[in-house]
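Analysis of the macromolecular model
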Amino acid sequence: MCDSGHSHSHGPFGFLVDTPEIRALIDETHRQMAETAEPAERVEALKPAFAKLLGADGWLPHDYATRDEKSRMGDGIGQYALYRAEDGSLCLFSLVVPPNAATPVHDHLAWGLVGLYKGAQHETVYRRLDDGSDESRADLQISKEQSLAPGDFYPLLPPTDDIHYVRTTSDTASISIHLLANDTACVWRHKFDPAAGTVAAFRSGYANAECVEEAAAKG
Ligand SMILES: [Fe+2]
């Protein structure tokens, strides 16, 4: 449910999943955003609250922890909005990646924290070597690889380490939780093919909430 008590013509905002655990993290994030100016400082200050959510059980409904057959990322990958600020300044979402599936190589274009809630993942991070002047080309080089277990999390502070993909290594789906300072699934970001050296515009979309232009197009 939307926390404002009514639905909007351009997709639901506010707490799409309203539990005390989610409210505690979002409230703390808003407090930090008001009090601190630097993204790196905010991310550091938010680590305890984020770790607390990852360590808690019972707050993520089954429907937000399951594969999405209509996924735009393919392979049944599901991206579910849990909280969306109406002004596009913050979101919290779960990402469900089935066994053996991998996300495209992508960027996020916002600061935040990403952590593993269930299952196991392998993350491959890239650095970009070109200057981005050609919209269709990107020269990427692997900068870091890491395995993630439940409770592990990492900061995103673009442009450093902002391009990556994750693959599920558990025999059950992996579920990661993302707190990011944009409306991640609705902003136009980028999908990369490192082998081909190409980049394309990419908007992943939420499985449970429409983006503004989509809702407008449907009238
Ligand atoms: Fe990502």
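Residues numbered from 1 in each chain as written. Predicted model: local features only at pLDDT ≥ 70, side-chain atom pairs only at ≥ 80, totals over all residues. Heavy atoms only, no water.

**A closer look at the nonpolar core**
Formed by 31 residues in total, the largest nonpolar core has its most connected members in Ile 22, Ile 26, Trp 59, Leu 82, Leu 92, Ile 177 and Leu 179. Where this core is concerned, the elements lending two or more residues are α1 (20-35), α2 (39-55), β2 (78-84), β3 (91-97), β5 (112-118) and β10 (174-180). For this core, the element with the most residues is α2, which contributes six residues. One finds Leu 16, Met 73, Phe 93 and Leu 156 within the second-largest nonpolar core, a separate group that totals 22 residues. (Core = buried A, V, L, I, M, F, W, Y, C linked by side-chain atoms within 4.5 Å. Buried < 20%, exposed > 50% of the residue type's maximum accessible area, 1.4 Å probe, protein only. Helix = DSSP H or I, 4+ residues; strand = E, 2+ residues; numbered from the N terminus.)

**Things to note about the coordination of the iron ion**
For a metal bound by four donors in a tetrahedral arrangement, the ideal donor-metal-donor angle is 109.5 degrees, while six donors in an octahedral arrangement ideally sit at 90 or 180 degrees. At the metal site, the iron ion is ligated by His 106 (NE2), His 108 (NE2) and His 164 (NE2), and these contacts range over 2.1 Å. In this structure His 106 comes out as buried when scored by relative accessible area, which is 7%. Residue class for His 108 comes out buried when judged on its relative accessible area of 1%. (Donors = N, O, S within 2.8 Å, 3.2 Å for Na, K, Ca; no water.)

**With respect to the pattern of salt bridges**
Tallied over the entire structure, the rule returns nine salt bridges. Between Arg 31 and Glu 35 there is a salt bridge; the shortest N-O distance is 3.2 Å. Residue Arg 31 and its partner Glu 35 are both found in helix α1; the two are separated by four residues, about one turn of the helix. Here Arg 84 ties to Asp 183 by a salt bridge, and the two come within 2.7 Å at their closest N and O atoms. Taken together, the positions of Arg 84 in strand β2 and Asp 183 in the loop between β10 and β11 (189-193) put the pair 99 residues apart, joining distant regions of the chain. Taken individually, Arg 84 and Asp 183 each receive the classification buried, so the pair is uniform in this respect. (Salt bridge = Lys/Arg side-chain N within 4 Å of Asp/Glu carboxyl O.)

**Some details on the packing of aromatic side chains**
This model, assessed by the stated rule, comprises six aromatic pairs. Ring centres 5.5 Å apart and planes at 75° place the aromatic pair Phe 50 and Phe 153 in the edge-to-face group. With a gap of 103 residues between them, Phe 50 in helix α2 and Phe 153 in strand β8 (residues 153-156) connect regions that are remote in the sequence. The exposure class of Phe 50 is buried, given its relative accessible area of 0%. Both rings, one in Trp 59 and one in Tyr 117, keep their centres 4.9 Å apart while their planes meet at 45°; by these two values the pair is tilted. Taken together, the residues span a long stretch of sequence, with Trp 59 in the loop between α2 and β2 and Tyr 117 in strand β5 at a distance of 58 residues. You can call Trp 59 buried: its relative accessible area is 1%. (Phe/Tyr/Trp six-rings, centres within 6.5 Å; stacked < 30°, edge-to-face > 60°.)

**Some points on the side chain of Asp 107**
In this structure, Asp 107 sits in the loop between β4 (105-106) and β5. A polar side-chain atom of Asp 107 sits 2.7 Å from a polar atom in the side chain of His 190. Residue contacts for Asp 107: discarding those within four places in its chain leaves Asp 162, Ile 163, Arg 189, His 190 and Phe 192. (Polar contact = N/O pair within 3.5 Å; in protein donor to acceptor, adjacent residues only side chain to side chain. Contact = heavy atoms within 4.5 Å.)

**Regarding the state of the cysteines**
Inspection of the entire model under this criterion finds one disulfide. Paired through a disulfide, Cys 186 and Cys 211 show a sulfur-sulfur distance of 2.0 Å. Between Cys 186 and Cys 211 the sulfur-sulfur dihedral comes to about -85°; the bridge is accordingly left-handed. With a gap of 25 residues between them, Cys 186 in the loop between β10 and β11 and Cys 211 in the loop between β12 (198-202) and α3 (212-217) connect regions that are remote in the sequence. With no disulfide of its own, Cys 91 has Cys 186 as its nearest cysteine by sulfur position, at a separation of 8.7 Å. (Disulfide = S-S within 2.5 Å.)

**Structural notes on the pairing of β8**
Going residue by residue along β8, you find Tyr 154 and Leu 156 tucked away on one face and Phe 153 and Pro 155 left uncovered on the opposite face. In this structure, β5 lies alongside β8, joined through four bridges in antiparallel fashion. Looking at the pairing, Gly 112 lines up with Leu 156 of β8. (Pairing = 2+ DSSP bridges.)

**With respect to the confidence of the model for the protein chain**
A residue-level look at the protein chain finds 92% of positions with pLDDT of 70 or above and a mean pLDDT of 92. Predicted confidence is poor over residues 1-9, with pLDDT under 50, and the contacts of this stretch with residues over four places away or in other chains come to twelve contacts. (pLDDT = per-residue confidence, 0-100.)

**Considerations on the sheet that holds β10**
Strand pairing in a sheet relies on backbone hydrogen bonds, with the paired strands running either antiparallel or parallel. The six strands lie next to each other as β1-β2-β3-β10-β5-β8, forming an open sheet whose pairing is antiparallel. The sheet terminates laterally at β1 (14-15) and β8, the two strands that pair on one side only. Across six bridges, the pairing between β2 and β3 is antiparallel. Considered in β3, the bridge of Tyr 80 is made with Ser 94. Taken strand by strand, α2 contacts β3, β5, β8 and β10, and its axis lies near 15° from that of β5. (Axes fitted to C-alpha atoms, helices over the stretch in contact; angles between N-to-C directions.)

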